[in-house]
Amino acid sequence: FRGLAMRAGCDSWEWRYFVATEGGSTLPRERQDTYFVANEALGLKLRHGVGPLEVKQRLSTRSVEGLPGKAELWRKTLRDGCVTASGDLDVAATAGFAGGAATRTQVLCRKRRELTAVGEVADCVLVHNDIVEHYRSVSVELESPELIKQAVDRLDVPPDAVFGGYPTLVADFARRHRLLDTRLAC
């Protein structure tokens, strides 16, 4: 199942946490994605900063007794025609699937990740102009919330962990640093 989970057009269950870490101004990167700020349930990005727009939509969440945070069901699709020749988001082209949540505000996400048997561990850095934040992320990506709970039981989850996917982290980053003129829709 691992590797198939987040291919475009697939739905998959994911549980993820982030914890802030110390770091330098940048991170040697395995990859750098460009996120266009939307909201906690909608991720819009260019993988490696190029190509079609990758849209990650949260379809639902599920609480499982004893699971910190919630398992999230995500759908990933690829959309052509949403990015201008200069690399900006064509917000009008996203209206049909983004519901007005998309913005042109860009946040770079540099990450280095290691796949595990049930997900990944990633060191990532969010960057917008001179604002830089470092995080460690751990995910479990399995067929059901119940299987995710079993895997999470074997993890040592830090007490300061923040739960949610990359769209949650990016939207929170934009909100805390007032990168948008208007409040993000949730």
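A few points on the structure. If you're wondering where the values come from, they're calculated on a predicted model, not measured in any experiment.

### So, unusual backbone geometry
Here's step 1: For His48, which is not glycine, the phi torsion reads 60° and is therefore positive.
Here's step 2: Within the secondary structure, His48 sits in the loop between strand S3 (42-46) and strand S4 (53-62).
Here's step 3: A positive phi is found at Asn129, a non-glycine position, where the angle reads about 50°.
Here's step 4: Its place among the elements puts Asn129 in the loop between strand S7 (119-128) and strand S8 (131-140).

### Some remarks on helix H3 (residues 166-176)
Here's step 1: When you tally the buried positions in H3, you get 8 out of 11 residues, the bulk of the element.
Here's step 2: Burial in H3 covers these residues: Tyr166, Pro167, Thr168, Leu169, Val170, Ala171, Phe173 and Ala174.
Here's step 3: Arg178, located one to two residues past H3, shows a positive phi value of around 50°.

### Overview of the nonpolar core
Here's step 1: In this structure, Val107, Cys124, Leu126 and Tyr166 are the most contacted members of the largest nonpolar core, which totals 17 residues.
Here's step 2: Those elements giving two or more residues to this core turn out to be strand S2 (31-39), strand S6 (106-115), S7, S8 and H3.
Here's step 3: A total of 5 residues in this core trace back to one element, the largest contributor, which is H3.
Here's step 4: Of all hydrophobic cores here, the second largest spans 15 residues; its members include Trp15, Tyr17, Ala71 and Ile148.

### Description of the environment of Pro68
Here's step 1: Examined against the element boundaries, Pro68 turns out to sit in the loop between S4 and strand S5 (71-79).
Here's step 2: For the pair formed by Pro68 and Val157, sequence separation is 89 residues and the distance between their alpha carbons is 8.4 Å.
Here's step 3: Once you skip the residues sitting within four places of it in the chain, Pro68 turns out to touch Trp15, Val152, Val157 and Phe163.

### A closer look at the packing of aromatic side chains
Here's step 1: In this structure the tally under the stated criterion is 6 aromatic pairs.
Here's step 2: When the ring of Trp15 is compared with that of Tyr17, the centres are 5.8 Å apart and the planes differ by 70°; the resulting orientation is edge-to-face. Each of the two residues, Trp15 as well as Tyr17, counts as buried.
Here's step 3: Consider the rings of Trp15 and Phe163, whose centres lie 5.8 Å apart with planes at 40°: the pair is tilted.

About the thresholds
- Position numbers for residues count from 1 along each chain, tracking the sequence in the order it is written.
- Thresholds applied to this predicted model are a pLDDT of at least 70 for local features of residues and 80 or more for the giving and counting of side-chain atom pairs; totals over whole chains, interfaces and linings are not thresholded and use all residues.
- Remark: hydrogens and water are excluded; side-chain values derive from all non-hydrogen atoms of the structure.
- Each helix is a run of H or I in the DSSP string that is no shorter than four residues. Each strand is a run of E no shorter than two, and both are numbered from the N terminus.
- The buried label applies to any residue whose accessible area, calculated with a 1.4 Å probe on protein chains only, is under 20% of its type's maximum; exposed applies above 50%, and partly exposed to all values in between.
- Nonpolar cores are built from buried Ala, Val, Leu, Ile, Met, Phe, Trp, Tyr and Cys residues. Side-chain atoms within 4.5 Å join them into one set.
- Between two residues, a contact is recorded if the distance between any of their heavy atoms is within 4.5 Å.
- Here the aromatic set is Phe, Tyr and Trp, taking the six-membered ring for Trp, and pairing holds for ring centres within 6.5 Å; pairs whose planes are under 30 degrees apart are stacked, those over 60 apart are edge-to-face, and all others are tilted.

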